[in-house]
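Residues per chain, in single letters:
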Amino acid sequence: MKITITGSLGNISQPLTKALVEKGHSVTVISSKPDKQKAIEALGATAAIGSIEDVDFLINTFTRADAVYCMIPLIFSEPDIPAYLRRIARNYLQALKQTKVNRVVLLSGWAADLISGDNVENIFDELTNVTIIRPASFYSNFYASMDLIRGKGLMGAFLTLRYLGVMALLKGRRGLLMGNCGGDDKIVFVSPIDIADAVAEELLTTTESKRIRYVGSEEMTCNEAAGIIGTAIGKPYLKWVLLSDKQMLQGLKMAKVPLKLAELLVEMQAVNHSGAPLRNFYKNKPKMGRVKLKDFAKEFAEAYNKKYLPL
């Protein structure tokens, strides 16, 4: 099969590309960075350098593809993240419809249907050959707190924002992870490798109707997760303290996060705190992935001890 992958060599797209190439598929990887071309080609894939903001580029790249994996990278400098997400989703939809790609897999989020405002998933309602992947909270999001753990003995919320460490600094306490979802709240965590496995499986499976697939690796409380990460780096006292929505929003404003993005992040964590995504997750009876948090914690500890933060 000829498969086009978006997301450059990110946490999901890189293992996905490797897996598909190893199975003998012809893979094209879209990246906005020319310096990624050699690395993409080293995996045995073809690099397509361009912007997902450019519909003509997408049409050209999707042409003759049998299947396409679509993801929308978050750009935190965007003043209106929801509008940006809808814009890129519509770009994808236009290119997919024009090129008549047979199979589409879209990366979403496990609480996407619970967030107020327009749901990006709905933009793809016109397609009958699409699987929506709803992954739980990424293990790799813990890397966002690495600098704070090393410098201040603190951890920020599990979102992919380095400056969310401001949450921990609000109270000036050591050895804490904070967010308006935390403490004994139960959530599901997921390895990008398990997500890549699910995406690869869906790309190679035919469907005549839109379907939803949840992906997770392990369920636990936020404090249990903090303990596993903390133990791996010699800080077993790490805790995940629950903040109020107001404290969370205040911290994001202090970090100069655009207001619409800040409000969205607060809402996302509040929804997680409610337990609704966890209930929906189990209603769909997904099979848990193979990579557990203790496995990831070893990689995290190695990166932490090397003072290296993966991109």
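So, a few notes on the structure that sits alongside this text. Since the structure is predicted, the reported quantities are computational estimates derived from the model, not experimental observations.

## As for the packing of helix H3 (residues 55–62) against helix H4 (residues 81–99)
Between H3 and H4, the shortest axis-to-axis distance is 9 Å and the interhelical angle comes to 40°. Overall, the two elements H3 and H4 adopt an arrangement that is oblique. Helix-helix and strand crossings are classified by hand; for H3 and H4 the assignment is right-handed. Where H3 approaches H4, its residues Val 55, Leu 58, Ile 59 and Phe 62 are matched on the opposing element by Asn 91, Tyr 92, Gln 94, Ala 95, Leu 96, Gln 98 and Thr 99. Along the lines of polarity and charge, the residues of the contact of H3 with H4 split into 7 nonpolar, 4 polar and no charged.

## Thoughts on the sheet that holds strand S4 (residues 67–70)
Reading across the sheet, the 7 strands line up as S3-S2-S1-S4-S5-S6-S10 and stay open at both edges, with parallel pairing between neighbours. Two strands close off the open sheet at either side, each with one partner strand: strand S3 (46–49) and strand S10 (211–215). The average undirected angle you get between the axes of adjacent strands in this sheet is 20°. Bridge count between strand S2 (residues 26–31) and S3: 4 bridges; the pairing is parallel. Within the sheet, the bridge partner assigned to Ser 31 lies in S3 and is Ile 49.

## A look at the environment of Gly 24
Within the secondary structure, Gly 24 is located in the loop between helix H1 (13–22) and S2. Note: C-alpha distance between Gly 24 and Gly 44 (20 residues apart in sequence) is 9.8 Å.

## Thoughts on the sheet that holds strand S11 (residues 218–221)
Overall, mixed pairing links the 3 strands, which are arranged S7-S9-S11 in an open sheet. Since the sheet does not close on itself, it has two edges, and those belong to strand S7 (137–138) and S11, each with one partner. The sheet contacts of helix H8 (residues 222–232) involve strand S9 (186–190) and S11, and relative to S11 the element is tilted by about 100°.

## Brief notes about the environment of Lys 253
On the secondary structure map, Lys 253 appears in helix H9 (residues 245–254). Taking the C-alpha atoms as reference, Lys 253 lies 9.6 Å from Glu 263; in sequence the two are 10 residues apart.

## Concerning the packing of aromatic side chains
Aromatic ring pairs: the centre-centre distance and the angle between the two ring planes describe each pair. Counted by the stated rule, this structure contains 12 aromatic pairs. Aromatic pair Tyr 143 and Phe 300: ring centres 5.5 Å apart, planes at 25°, arrangement stacked. Residue Tyr 143 is found in the loop between S7 and helix H5 (146–152), and its partner Phe 300 is found in helix H12 (residues 293–305); the two are separated by 157 residues along the sequence. In terms of burial, Tyr 143 and Phe 300 fall into one category: buried.

Cut-off values and rules
- Residues numbered from 1 in each chain as written.
- Predicted model: local features only at pLDDT ≥ 70, side-chain atom pairs only at ≥ 80, totals over all residues.
- Heavy atoms only, no water.
- Axes fitted to C-alpha atoms, helices over the stretch in contact; angles between N-to-C directions.
- Helix = DSSP H or I, 4+ residues; strand = E, 2+ residues; numbered from the N terminus.
- Parallel < 35°, antiparallel > 145°, perpendicular 65-115°, else oblique.
- Left-handed = near helix turned anticlockwise from the far one by under 90°.
- Contact = heavy atoms within 4.5 Å.
- Nonpolar A, V, L, I, M, F, W, Y, C, P; charged D, E, K, R; others polar.
- Pairing = 2+ DSSP bridges.
- Phe/Tyr/Trp six-rings, centres within 6.5 Å; stacked < 30°, edge-to-face > 60°.
- Buried < 20%, exposed > 50% of the residue type's maximum accessible area, 1.4 Å probe, protein only.

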